[in-house]
Amino acid sequence: MIRRVALLALAALLLVATAGQAQAAGYRYWSFWDRDGDQWVYATQGPSTARPSDGDVQGFRFSVSEDSGDAAQPRGTADFTSICAKTPAEDGSKRVALVLDFGTAADAPSGETPPPPRTACARVSPDATTADTLATVADPLRYNTNALLCAIGDYPKSGCGEQVSDKQQPRNESAPPEEKTTADDDGGGPSIGLIAGAAAIAALAAAGAWQARRRRNATR
């Protein structure tokens with residue numbers, strides 16, 4: 001019985017440790033968005049295959065995130081009329097509004113400073129892809145061998161979707177700049193995951209001890 005409890009406790013500890021490692025994974029990359037009404041929607045296609053229509057608004061945001069559900073959205077003006085006000089329509093072309101958000105200093109790779117966010121109105125051929133559209137207003141672009149967009153307007157100068165450890169991940173944008181969060185504390189008290197794991201082990205151990213006493217009393 002005691003051996004079984006020990007095995008269950010070990011399994012619980014490994015589960016907690018694995019969950020903590022999974023939550024720590026993050027990647028630094030450009031995310032791609034479509035504007036749907038008054039909200040941003042994560043794009044279902046890549047820039048090289050997506051073909052925006054005249055009047056569409058698309059956005060790009062450079063940040064560190066775990067996946068599409070965790071990705072930071074572009075900031076700033078996202079209204080087609082405002083962005084393309086000085087770019088008149090022409091026959092045989094389409095206009096696409098672009099929102100380019102280069103992220104925060106915390107998002108930036110070491111040694112680089114993100115340019116300020118900006119918008120642009122691209123007038124392109126009707127069959128142009130988003131990549132074609134982006135190239136007309138934010139060159140140079142950089143892609144890797146898998147066609148992943150690595151840089152817009154030459155930012156960042158190196159790297160492409162690299163993994164970032166939990167200690168390197170930026171704090172939440174809504175947090176005050178000077179506020180130190182738990183993730184920033186290198187001195188480190190025990191994490192919530194470790195505390196939960198210790199509690200689970202203690203509970204299992206207590207249950208095992210109770211079962212052992214019960215069996216001893218039953219045999220007397």
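Small disclaimer: the values here were computed from a predicted structure and weren't measured.

Novice: Describe the overall build of the protein chain, naming the residues involved and giving the relevant values.
Specialist: When helices and strands are counted, the protein chain shows four helices and eight strands. In sequence order, the secondary structure elements of the protein chain are arranged as α-β-β-β-α-β-β-α-β-β-β-α. The buried share of the protein chain, reckoned over its 220 residues, is 33%. Summed over all atoms, the accessible surface of the protein chain reaches about 13300 Å², with 53% contributed by carbon and sulfur.

Novice: I'd like to hear about the pairing of strand β3 (residues 57-65), residue by residue, with values.
Specialist: Among the nine residues that make up β3, nine are buried, leaving the element largely enclosed by the rest of the structure. By the alternation rule, side chains of β3 split into V57, G59, R61, S63 and S65 and Q58, F60, F62 and V64, which are all buried. Two elements, strand β1 (residues 26-36) and β3, share eight bridges in a ladder whose sense is antiparallel. Among the inter-strand pairings, S31 is bridged to a residue of β3, identified as R61. In this sheet, strand β4 (residues 94-101) lies alongside β3 in parallel orientation, the contact comprising five bridges. Among the inter-strand pairings, Q58 is bridged to a residue of β4, identified as L98.

Novice: Can you break down the packing of aromatic side chains residue by residue, with the values?
Specialist: Going through the model one piece at a time under the given rule, you end up with six aromatic pairs. Summarising the aromatic geometry, the rings of F62 and Y155 are spaced 5.4 Å apart at their centres and angled 70° between planes, so their arrangement reads as edge-to-face. Of this pair, F62 sits in strand β3 while Y155 sits in the loop between β7 (149-151) and β8 (163-164); the two residues are 93 residues apart in sequence, bridging distant segments of the chain. Accessibility assignment for this pair places F62 and Y155 in one class, buried. Each ring, one from F102 and one from Y155, has its centre 6.0 Å from the other, and the planes form 70°; the classification is edge-to-face. Of the two residues, F102 sits in the loop between β4 and β5 (118-124) while Y155 sits in the loop between β7 and β8, which places them 53 residues apart along the sequence.

Novice: Outline the state of the cysteines, listing residues and values.
Specialist: Considering all chains together, one arrives at two disulfides under this definition. Shown here is the disulfide that connects C84 with C121, its sulfur atoms set 2.1 Å apart. Here the disulfide of C84 and C121 is right-handed, its torsion about the S-S bond being about 100°. Of this pair, C84 sits in the loop between α2 (80-83) and β4 while C121 sits in strand β5, and the two are 37 residues apart along the sequence. For the pair C84 and C121, one class covers both residues: buried. Two residues share a disulfide in this structure: C150 and C160, whose sulfurs sit 1.9 Å from each other. What sets the handedness of the C150 and C160 disulfide is the S-S torsion sign, and at about -70° it is left-handed. Of the two residues, C150 is situated in strand β7 and C160 in the loop between β7 and β8; the sequence distance between them amounts to 10 residues.

Novice: Give me the lowdown on the side chain of D107, citing residues and values where you can.
Specialist: Structurally, D107 can be placed in the loop between β4 and β5. For D107, a relative accessible area of 3% translates into the label buried.

Novice: Which residues make up the nonpolar core, and what values go with them?
Specialist: One broad rule of soluble globular proteins: the nonpolar side chains tend to lie buried together. If you look at the biggest cluster of nonpolar residues, it comprises 17 residues, and the most contacted ones within it are W30, F60, L100, L134, L149 and I152. Of all the secondary-structure elements, those providing two or more residues to this core are β1, β3 and β4. Sort the elements by how many residues they give to this core and β4 lands first, with three residues. With residues near it in sequence (within four places) discarded, W30 still touches F60, R61, F62, D101, F102, L149, C150, A151, I152, Y155 and P156. Counting 12 residues, the second-largest nonpolar core is a separate cluster that includes Y29, W40, V57 and A78.

Criteria and cut-off values
Residues numbered from 1 in each chain as written. Predicted model: local features only at pLDDT ≥ 70, side-chain atom pairs only at ≥ 80, totals over all residues. Heavy atoms only, no water. Helix = DSSP H or I, 4+ residues; strand = E, 2+ residues; numbered from the N terminus. Buried < 20%, exposed > 50% of the residue type's maximum accessible area, 1.4 Å probe, protein only. Areas by Shrake-Rupley, 256 points an atom, 1.4 Å probe, with all protein chains shown as cover. Pairing = 2+ DSSP bridges. Phe/Tyr/Trp six-rings, centres within 6.5 Å; stacked < 30°, edge-to-face > 60°. Disulfide = S-S within 2.5 Å. Core = buried A, V, L, I, M, F, W, Y, C linked by side-chain atoms within 4.5 Å. Contact = heavy atoms within 4.5 Å.

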